[in-house]
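# Structural features, examined
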Amino acid sequence: MKKIILSTLLITALVSCKKEAEKTEENLTTIDSIDTQNTVEPEPVINSLKALSTKETSDYLQKKNDTLYITNFFATWCGPCVREIPYFKTKIEELKNKPVKITFVSLDQKEIWNTEVPRFTAQHGIQNHTILLDGQLLDANFFQSNFKQWDGGAIPFTFMRRGSKTDETLGMMSESQLNEKISSLLK
């Protein structure tokens, strides 16, 4: 008797599972056919980002005047870089009428300059503040000529200059660190 009851339960369970699997496959097929008919392709992002040479980048980094230049070197694949972007965006808004210029320098590979980088900068709202730099062209001379600490071994890296005063930060900054550094250079 126990064998009959156990067999009946087993058969019922198997039949139920089979019917559930068929329902799931039918639903997926229906959903897939609807989705493919109504799929709207996203509009392509047009790359309006400017690429600078290493010489142009060095010239920019060496500007010495009353403007505070904040240059953040990043890559789209760098988690710490992405996490600190909102802090810089907040400062862009707060300081828009002050002599402060915040620039993001993408060190991503050239292969994604026209695809991923424009999408990323648009998504994060930094497209008007981003330039492209081919990281493959950066050599020891570039780093030694422009920085005291950074040898290019890690990102994010933020370089600040106002006149002859500079500040270098290797690694991700907190919002309070960024505020403190900007305040000290604006004094």
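Our subject in this report is the structure included herewith. Being a predicted model, the structure only gives us computed values, none of them experimental.

Thresholds applied
Residues numbered from 1 in each chain as written. Predicted model: local features only at pLDDT ≥ 70, side-chain atom pairs only at ≥ 80, totals over all residues. Heavy atoms only, no water. Helix = DSSP H or I, 4+ residues; strand = E, 2+ residues; numbered from the N terminus. Buried < 20%, exposed > 50% of the residue type's maximum accessible area, 1.4 Å probe, protein only. Contact = heavy atoms within 4.5 Å. Areas by Shrake-Rupley, 256 points an atom, 1.4 Å probe, with all protein chains shown as cover. Bend = angle between axes of the 7 residues up to and from the residue. Pairing = 2+ DSSP bridges. Axes fitted to C-alpha atoms, helices over the stretch in contact; angles between N-to-C directions. Salt bridge = Lys/Arg side-chain N within 4 Å of Asp/Glu carboxyl O. Disulfide = S-S within 2.5 Å.

The helix and strand tally for the protein stands at 6 helices and 6 strands. The proportion of buried residues among the 187 residues of the protein is 34%. In the protein, the share of contacts with a sequence separation of at least 24, taken over all contacts with a separation of at least 6, comes to 70%. When the accessible surface of the protein is totalled, it reaches about 12000 Å², and 54% of it is carbon and sulfur.

Remark: the principal bend of helix α3 (residues 79-94), roughly 30°, maps to I85, with a proline, P86, within the next four residues. Listed in full, the buried residues belonging to α3 are C81, E84, I85, F88, K91 and I92. For α3, the secondary structure elements touched by its buried residues are β2 (68-74), β3 (100-106), α4 (116-124), β5 (157-162) and α6 (175-186).

Pairing is mixed in the open sheet, where 6 strands are placed in the order β1-β4-β3-β2-β5-β6. Taken across any chain shown, the strands that pair with only one partner, and hence form the sheet edges, are β1 (50-52) and β6 (165-170). Pairs of neighbouring strands in the sheet enclose a mean axial angle of 25°, with direction left out of account. Pairing analysis gives 6 bridges linking β5 to β6, with the strands arranged antiparallel. From the neighbouring strand, T158 faces β6, where its bridge partner is T169. Lying on the sheet, α3 is in contact with β2, β3 and β5; it crosses β3 at an angle near 155°. Sheet strands touched by α6: β2, β3, β5 and β6. Its angle to β5, the strand with the most contacts, is close to 20°.

A separate point is the side chain of T71. For T71, the location among the structural elements is in strand β2. Those residues in contact with T71, other than ones at most four positions away along the chain, are Y60, L61, T103, V105, F157, T158 and F159.

Evaluation of the coordinates by the stated rule reveals 5 salt bridges. Among the ionic pairs, R162 bridges to D66, the shortest N-O distance being 2.8 Å. With R162 in strand β5 and D66 in the loop between α2 (54-61) and β2, this residue pair connects regions lying 96 residues apart in the sequence. Judged by its relative accessible area of 16%, R162 is buried.

To continue, consider the state of the cysteines. The tally for this structure, following the rule as stated, stands at 1 disulfide. C78 shares a disulfide with C81; S-S distance 2.3 Å. On the S-S bond that ties C78 to C81, the torsion sits near 75°, and the link is right-handed. Like C81, C78 is buried.

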